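These are the residues of each chain, in order.
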Amino acid sequence: MKFAVIVFPGSNCDTDMYHAVKDELGAEVEYVWHDATNLNQFDGILLPGGFSYGDYLRSGAIAQFSNVMTEVVKAAREGKPVLGVCNGFQILLETGLLPGAMRRNESLKFICQPEELVVENTSTIFTTQYEKGEVISVPVAHGEGNYYCDKDTLQQLKANNQIVFTYRNNPNGSVENIAGITNEEGNVLGMMPHPERAVDELLGSKDGLKLFQSIVKSWRERYVAAK
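So, how was this worked out
Residues numbered from 1 in each chain as written. Predicted model: local features only at pLDDT ≥ 70, side-chain atom pairs only at ≥ 80, totals over all residues. Heavy atoms only, no water. UniProt positions renumbered as here; feature names shortened; annotations may be inferred. Pairing = 2+ DSSP bridges. Helix = DSSP H or I, 4+ residues; strand = E, 2+ residues; numbered from the N terminus. Axes fitted to C-alpha atoms, helices over the stretch in contact; angles between N-to-C directions. Contact = heavy atoms within 4.5 Å. Polar contact = N/O pair within 3.5 Å; in protein donor to acceptor, adjacent residues only side chain to side chain. Buried < 20%, exposed > 50% of the residue type's maximum accessible area, 1.4 Å probe, protein only. Parallel < 35°, antiparallel > 145°, perpendicular 65-115°, else oblique. Nonpolar A, V, L, I, M, F, W, Y, C, P; charged D, E, K, R; others polar.

An unreviewed UniProt entry lists the chain under the name Phosphoribosylformylglycinamidine synthase subunit PurQ, with Fictibacillus norfolkensis as the source organism. Quoted verbatim from the Pathway (unreviewed entry) heading of the UniProt record, the comment on the chain is "Purine metabolism; IMP biosynthesis via de novo pathway; 5-amino-1-(5-phospho-D-ribosyl)imidazole from N(2)-formyl-N(1)-(5-phospho-D-ribosyl)glycinamide: step 1/2." Quoted verbatim from the Subunit (unreviewed entry) field of UniProt, the annotation for the chain is "Part of the FGAM synthase complex composed of 1 PurL, 1 PurQ and 2 PurS subunits."

Okay, structure coming up:
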């Protein structure tokens, strides 16, 4: 399986994502610049955290118009796994691949600390290696991580089992303690916590590694074992 780490002007977690996939997961990965017009050679797409285009207008608002995002949308519609972390999540929201919006943290302060997450859904391609209800430690680092959606959208998220991770102790005011959601098809995941920064005990936790392992396992079962 081959991953693409999308790099925008202002990305600053792309190296972390690359390291998690190449050195900890042991999978093939390449950096892809924001002006790329073809992602056909990649099996999974990773949108890292940072401050794309300086977070001007809104976080992710300008990045959604990058050439590469047309290809990311195409990959998502083809069923390829797409993971957006922190700013990557914000970009997925702005692009419309995921519902809802992101607001300033309730504290109006930047938060950078480990957080306990509850795994709410283990039937996605991102969470098969976890146990339902498992509590994992994954760090957050954001100023605009307060996830919001209206009541109808929230009901849909619940009805379709799209809420994948929730905060045990909500640090930012997100509705229903939401830390990560998928699209209805389950192949696009956006989350504010950084699993790529929790792939080795030296980093304080390796609970995020299971997410990447889940992606590879699900992909192999679909494309390799089926052959």
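Here the narrative resumes, following the displayed structure.
What to know about the sheet that holds strand E9 (residues 163-167)
The nine strands lie next to each other as E2-E1-E3-E4-E11-E10-E9-E6-E7, forming an open sheet whose pairing is mixed. This sheet does not close on itself; its edge strands, each paired only once, are strand E2 (28-33) and strand E7 (135-142). Within the sheet, the average angular offset between the axes of one strand and its neighbour, ignoring direction, is 25°.

Describing unusual backbone geometry
Non-glycine residue Asp55 carries a positive phi angle of around 60°. Along the polypeptide, Asp55 turns up in the loop between strand E3 (44-47) and helix H2 (67-77). Positive phi, close to 55°, is recorded for Cys86, a residue that is not glycine. You can see Cys86 is positioned in the loop between strand E4 (82-85) and helix H3 (87-95).

Notes on the environment of Phe3
By the element assignment, Phe3 lies in strand E1 (residues 2-7). Between the alpha carbons of Phe3 and Val32 there is a distance of 9.7 Å; along the sequence they are 29 residues apart.

So, the UniProt feature "active site" (unreviewed entry) in the chain
Sequence positions flagged by UniProt for "active site" (unreviewed entry) are, in local numbering, Cys86, His194 and Glu196. In terms of the greatest pairwise C-alpha distance, the residues named above, spread along 111 residues, form a tight cluster of at most 11.0 Å across. Every residue in contact with Cys86, bar those within four places of it in the chain, is listed here: Gly49, Ala141, His142, Met191, Met192 and His194. Structurally, His194 is set in the loop between strand E11 (188-191) and helix H5 (209-223). Ignoring sequence-local partners within four residues, the contact set of His194 consists of Cys13, Gly49, Val85, Cys86, Val138, Pro139, Val140 and Ala141. In this structure the side chain of His194 is engaged in a polar contact, spanning 2.6 Å, whose partner is the side chain of Glu196.

So, the pairing of E9
The buried fraction of E9 is high, at five of five residues. Examined bridge by bridge, strand E6 (residues 111-119) and E9 share three bridges and lie antiparallel to one another. Directly across from Val118, in E9, lies its bridge partner Thr166.

Description of the packing of helix H1 (residues 14-25) against H5
For the pair H1 and H5, interaxial distance at closest approach is 11 Å and the crossing angle is 70°. Judged by the inter-axis angle, H1 sits roughly perpendicular to H5. When H1 is examined against H5, the residues Met17, Ala20, Val21, Glu24 and Leu25 are found in contact with a partner set consisting of Leu209, Phe212, Gln213 and Val216. Taken together, the residues of the contact of H1 with H5 sort by class into seven nonpolar, one polar and one charged.

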